[in-house]
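# A look at the structure
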Amino acid sequence: MYSAAITGTGVFTPQHTISNDELVDAFNAYAERFNAEHAEAIAAGEVEAKPQSSSDFILAASGIERRYVLDKSGVLDPDRMFPRLPARADEEPSYMAEMAVDASLQALSQAGRSADDVDAVICAASNHERAYPAIAVEIQNLLEINGFGFDMNVACSSATFGIQTATDMIRAGSIRSALVVCPEICSAHLEWRDRDCHFIFGDVATAVLVERDEGLERPHFKIRSTRLATDFSNNIRNNDGFLRRTHDQMEDRRDMQFMQNGRKVFKEVLPLVSQHIAGHMADDGISADDLKRLWLHQANKSMNDYIGKKVLGRAPEDGEQPNILQDYANTSSAGSIIAFAKYSDDLGAGDIGLICSFGAGYSVGSVIVERA
Ligand code: CO8
């Protein structure tokens, strides 16, 4: 058996940001128009009036201050409320591939590697912009990588599931290295017209280069162990899919976008994740005192505060559990990797940290790494 290491990371950040105030202004304008248009039905009790959103609520409930998106104008247009992303010709790079290539080049550069050093591409994300050919194969082609690529989807946990998959192939010896990319265009499957969730998500792409841990010269993170778990739940769900036409349901239905029962998710996911991390650490033989950093999934600040406290047995100190959700919002699978990419350089040889993602499925994945 070989060992694996993370040797490079990259983050593609879109150019447009939307602050909570901008988002709330657009939502409230949309809600006012909706209520005016449906005044009679609302008065008759046939249609529910749309309540106003509030920046103060968003910050207090989630910790999110702003989010990056591929297109801002469509999202903030009260007559539209979703991004404008013109269709691309088959000969052009797809959106997800383009974002992933940008992040991958950063990861390769950090690791001092080129496409020739990569054997596989795993595109792990919570939605894919088409069914086939796999986005990963397109990324492989754009980067001129030999070998193979495939897509996988475990919603918010896709990155850690992808890292374990790459690590296992490296351990077994079938590949020497893989790029695990997470291009997330959450803005396209978020329902911006629902005040309960319109503030939650943003767009981004991350890349992680995982290599055989042999003769590595640059600083890297040894992958000590990985652990994955899933437990079925309908509390985070999206019913869009290829059977839609066969159901004679092509209209713009609410359940074709992201839906969740946020309170239930909050309550049910916290014990799942805390126990998962505790079990993983125990089996790896490390205690809370051995852990220098936690890079958690970035969904909600209170959730992360809770998990950090449970794992460490005390409130995390500044920098021990870095959050990026205030700037990026929830970027699904990419969140924990953004935190890892931005807040890991300062760790010294032998320092141990844990990456953990969790979300729809339910799903939870953790990766324990050691700086070398
Ligand atoms: N402005 C003002 N008031 C609001 C707003 C708003 N925008 N939204 C809700 N309210 C109101 C509610 O109506 C409610 O009013 P009332 O008490 O009168 O009923 C009150 O505020 C409280 O609402 P909630 O109970 O919903 O508020 P919470 O404190 O529970 O906070 C959160 C809501 C922030 C959503 C919280 O529940 C949470 O973060 N839960 C966990 C969510 C989570 O982690 N989900 C993971 C999903 S990510 C994932 O798995 C990936 C899926 C694939 C990606 C999808 C991309 C689109």
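Look up: the structure comes first, before these words.
Nothing here was measured: the structure is a model prediction, and the numbers come from that model.

## Focus: the packing of helix α7 (residues 262–284) against helix α8 (residues 301–312)
- Where α7 meets α8, the axes come as close as 10 Å, and the angle between the chain directions of the two elements is 30°. Considering the relative orientation of α7 and α8, their crossing is right-handed. Of α8, the residues touching α7 (which contributes V265, F266, V269, L270, V273, S274, I277 and M281) are S302, M303, Y306, I307, K310 and V311.
- Its residues assigned to classes, the contact of α7 with α8 comprises 11 nonpolar, 2 polar and 1 charged.

## With respect to the packing of helix α4 (residues 95–111) against helix α5 (residues 135–143)
- Viewed as axis vectors pointing N to C, α4 and α5 meet at an angle of 55°, and their least axial separation amounts to 9 Å. In terms of their interaxial angle, α4 and α5 are classed as oblique. The two elements α4 and α5 cross, and the hand of that crossing is right-handed. For the pair α4 and α5, contact is made by M96, A97, A100, V101, S104 and L105 and by I135, E138, I139, L142 and L143, respectively.
- Here the residues of the contact of α4 with α5 are counted per class, giving 9 nonpolar, 1 polar and 1 charged.

## Notes on unusual backbone geometry
- Looking along the chain, the bond that leaves Y132 and enters P133 is cis, with omega of -5°.
- Position of P133 among the secondary structure elements: in the loop between β4 (120–124) and α5.
- With a phi close to 60°, E144 is a non-glycine residue in the positive phi region.
- Here E144 lies in the loop between α5 and β5 (148–152).
- One non-glycine residue with positive phi stands out, namely A155, at about 50°.
- For A155, the position within the fold is in the loop between β5 and α6 (158–172).

The rules behind each value
- Residues numbered from 1 in each chain as written.
- Predicted model: local features only at pLDDT ≥ 70, side-chain atom pairs only at ≥ 80, totals over all residues.
- Heavy atoms only, no water.
- Axes fitted to C-alpha atoms, helices over the stretch in contact; angles between N-to-C directions.
- Helix = DSSP H or I, 4+ residues; strand = E, 2+ residues; numbered from the N terminus.
- Left-handed = near helix turned anticlockwise from the far one by under 90°.
- Contact = heavy atoms within 4.5 Å.
- Nonpolar A, V, L, I, M, F, W, Y, C, P; charged D, E, K, R; others polar.
- Parallel < 35°, antiparallel > 145°, perpendicular 65-115°, else oblique.

These figures capture arrangement, not role.
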